Amino acid sequence: MSTPRTVDRAFETALYDTADAALDTAASLLAADPAADAELARRGEEFVATAWRRGWQPADLVRIVRRDLGDVHVRLVAALIRAQAPHDRPRGPRWAAQLDDVPDADDTAPPPRPDRFSHATAVLELYRLLVRLPGLEPLEAGEAPRRERENRPESRALARIRALLAKAEATGYPQEAEALSAKAQELMARHSVDEALLAAHAPSPDTPGACRIGVEPPYEQAKAVLLDAVADANHCRAVWNETFGFSTVVGFEADLEVVELLYTSLLVQAEAAMTKAEAGQRSGGRKRTKTFRQSFLAAYAHRAGTRLRAAAEAATGAAADAASEADLLPVLASREVAVTDRMERMFPATTTTRLRGATDAAGWTEGTRAADAARVGRHRPLKRG
């Protein structure tokens, strides 16, 4: 029997049949034919390339495999992504950064080598997942603006924002974190204005892009609200995909960068503050529950958005005073229209959802207090694709 035929028979038996018996039969076929290994890996690379054509990106693939399968499957898909990358076309700096973040076997202690049957079973389980992936909305922006961004070094403003947020995450003093987070949002707003004015006079007009940001359990609904608030304060729009555990954020590239930075930083701050609040509640004799944590994060997100928006509007107003309102305001308005148009074309049918489970008064109070300390949230209804 030829090696490709072994792989074909295994796939015919197991990939489109969810029964355990079919999986065992297919894994036995592969385990009995060591010469099939190379062909099996080649087919896996083809599945990865197909996922890219369906709109998936490296971080998306790793995220869903980690959520739905296990560590061994994450190692397998990471190896496939790295093996397929040299045969892929250039896709820009954001894609390259995701490839850099793909888990590397050298980063962890090597797992015990499984027997051939167990290895084949894990491979088939992974491939079953890959062949069932639906299409996602494509994220690529215009080619010319993207090439220009690839050659542009990180701005001093973005480096300062990173430094401020790192300090806010590290400090144990709420007032200091408040000041640092507020300053970071002010710099973000100014950075956005500078980029908007620069793009308005560029020979190749910039266009809105999009990125996906993981919204991980637990309490993913409250985290999606927080991301929505951060996006809204920074001239972007977020659409939550609960099924696959991410939100798609639409906006201009400079704004997308700061949304990723700020959301990640505020999530770190929120989780640290929640741990501290839980300790305080326990010392008072109250047991903390899932409802407390859900309410805490919901309140944090709700309060954070209002404060972020206020800080951003104040900084934008100051920038308009320093420049010329007649020059700046039409530019910002046209960019907002462009972002809204891109979002509506990507997601012609979205729904809204109400936040569930935020019923613990103590959790809500503590979350609001923590958001005030972090200087961050206005809550808008979540858009879901």
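Residues numbered from 1 in each chain as written. Predicted model: local features only at pLDDT ≥ 70, side-chain atom pairs only at ≥ 80, totals over all residues. Heavy atoms only, no water.

- The name recorded for the protein in an unreviewed UniProt entry is DUF2786 domain-containing protein, from Streptomyces violaceorubidus.

1. Considering the overall build of the protein
And then number 1: A count of helices and strands for the protein gives 15 helices and five strands.
And then number 2: Expressed as a percentage of the 385 residues in the protein, the buried residues total 48%.
And then number 3: Accessible surface computed for the protein: about 18500 Å², of which carbon and sulfur atoms make up 53%. (Helix = DSSP H or I, 4+ residues; strand = E, 2+ residues; numbered from the N terminus. Buried < 20%, exposed > 50% of the residue type's maximum accessible area, 1.4 Å probe, protein only. Areas by Shrake-Rupley, 256 points an atom, 1.4 Å probe, with all protein chains shown as cover.)

2. Observations concerning the packing of helix α3 (residues 37-53) against helix α7 (residues 116-131)
And then number 1: Remark: α3 packs on α7, axes separated minimally by 10 Å, with the N-to-C direction vectors making an angle of 20 degrees. In terms of orientation, α3 and α7 fall into the roughly parallel class. Note that α3 runs across α7; the crossing there is left-handed. When α3 is examined against α7, the residues Asp 37, Leu 40, Ala 41, Gly 44 and Phe 47 are found in contact with a partner set consisting of Arg 116, Val 123, Tyr 127, Leu 130 and Val 131.
And then number 2: Residue composition of the contact of α3 with α7, by class: seven nonpolar, one polar and two charged. (Axes fitted to C-alpha atoms, helices over the stretch in contact; angles between N-to-C directions. Parallel < 35°, antiparallel > 145°, perpendicular 65-115°, else oblique. Left-handed = near helix turned anticlockwise from the far one by under 90°. Contact = heavy atoms within 4.5 Å. Nonpolar A, V, L, I, M, F, W, Y, C, P; charged D, E, K, R; others polar.)

3. Considering the nonpolar core
And then number 1: Ranked by size, the top nonpolar core spans 44 residues in total, and within it Ile 161, Leu 226, Val 249 and Val 259 carry the most contacts.
And then number 2: Those elements that provide at least two residues to this core are α9 (156-170), α10 (174-200), β1 (209-214), α11 (220-233), β2 (237-241), α12 (253-283) and α13 (290-322).
And then number 3: Ignoring sequence-local partners within four residues, the contact set of Ile 161 consists of Ala 184, Leu 187, Met 188, Val 258 and Leu 261.
And then number 4: The next biggest cluster of nonpolar side chains, apart from the first, holds 41 residues, and it includes Ala 10, Leu 40, Ala 51 and Ala 78. (Core = buried A, V, L, I, M, F, W, Y, C linked by side-chain atoms within 4.5 Å.)

4. A short note on the pattern of salt bridges
And then number 1: Applying the stated criterion across every chain, the model contains 18 salt bridges.
And then number 2: The partner of Glu 253 in a salt bridge is Arg 94, and the shortest N-O contact between them spans 2.5 Å. Of this pair, Glu 253 sits in helix α12 while Arg 94 is found in helix α6 (residues 93-101), placing the two residues 159 residues apart along the sequence.
And then number 3: Here Glu 253 falls in the buried class, since its relative accessible area comes to 18%. (Salt bridge = Lys/Arg side-chain N within 4 Å of Asp/Glu carboxyl O.)

5. What to know about the packing of helix α4 (residues 58-68) against α7
And then number 1: Two elements in contact, α4 and α7, have axes whose closest approach is 11 Å; the angle formed by their N-to-C orientations is 125 degrees. With respect to α7, the element α4 is oriented oblique. When the axes of α4 and α7 are compared, the crossing they make is right-handed. Here Leu 61, Ile 64, Val 65 and Asp 68 of α4 lie close against α7, whose contacting residues are Leu 126, Leu 129 and Leu 130.
And then number 2: Looking at the contact of α4 with α7, its residues break down into six nonpolar, no polar and one charged.

6. Remarks on the side chain of Lys 223
And then number 1: Within the secondary structure, Lys 223 sits in helix α11.
And then number 2: Overall, Lys 223 belongs to the buried group, its relative accessible area being 7%.

7. Topic: α4
A turn of α-helix holds 3.6 residues, and therefore any two residues three or four places apart point the same way.
And then number 1: Where α4 is concerned, the buried positions are Pro 58, Asp 60, Leu 61, Val 62, Arg 63, Ile 64 and Val 65.
And then number 2: Looking at the buried residues of α4, the elements they touch are α3, α5 (71-84), α6, α7, β1 and β3 (246-251).

8. Structural notes on the packing of aromatic side chains
And then number 1: Following the criterion strictly, the structure yields six aromatic pairs and no others.
And then number 2: With centroids separated by 5.2 Å and ring planes inclined at 80 degrees, the aromatic side chains of Trp 56 and Phe 244 adopt a geometry described as edge-to-face. Taken together, the residues Trp 56 in the loop between α3 and α4 and Phe 244 in the loop between β2 and β3 connect sequence positions 188 residues apart. The two residues Trp 56 and Phe 244 agree in class, both being buried. (Phe/Tyr/Trp six-rings, centres within 6.5 Å; stacked < 30°, edge-to-face > 60°.)

9. Some words on the state of the cysteines
And then number 1: Here the structure, examined in full by the defined rule, presents zero disulfides.
And then number 2: No disulfide involves Cys 211; its sulfur sits 7.7 Å from that of Cys 236, the nearest cysteine.
And then number 3: Assessed through its relative accessible area of 0%, Cys 236 is described here as buried. (Disulfide = S-S within 2.5 Å.)

10. Describing the environment of Ile 161
And then number 1: Position of Ile 161 relative to the elements: it lies in helix α9.
And then number 2: A C-alpha to C-alpha distance of 7.2 Å links Ile 161 and Met 188, two positions 27 residues apart in sequence.

11. Focus: the pairing of β3
And then number 1: Extensive coverage of β3 is indicated by the burial of six of its six residues.
And then number 2: Residues of β3 alternate between two faces, with Phe 246, Thr 248 and Val 250 on one and Ser 247, Val 249 and Gly 251 on the opposite face, all of them buried.
And then number 3: By the bridge criterion, six bridges tie β1 to β3 in an arrangement that is antiparallel. Residue pairing in the sheet places Cys 211 in a bridge with Val 249 of β3.
And then number 4: Connecting the antiparallel pair β2 and β3 is a turn made up of four residues, with Gly 245 showing a positive phi of about 75 degrees. (Pairing = 2+ DSSP bridges.)

12. Details of the environment of Arg 75
And then number 1: Note on placement: Arg 75 falls in helix α5.
And then number 2: With ten residues separating them along the chain, Arg 75 and Val 65 place their C-alpha atoms 9.6 Å apart.

13. Concerning the environment of His 119
And then number 1: Topologically, His 119 is positioned in helix α7.
And then number 2: Spatially, the C-alpha atoms of His 119 and Ala 31 are 8.2 Å apart, while their sequence positions differ by 88 residues.
And then number 3: Setting aside residues up to four positions removed in sequence, His 119 forms contacts with Leu 76 and Pro 114.

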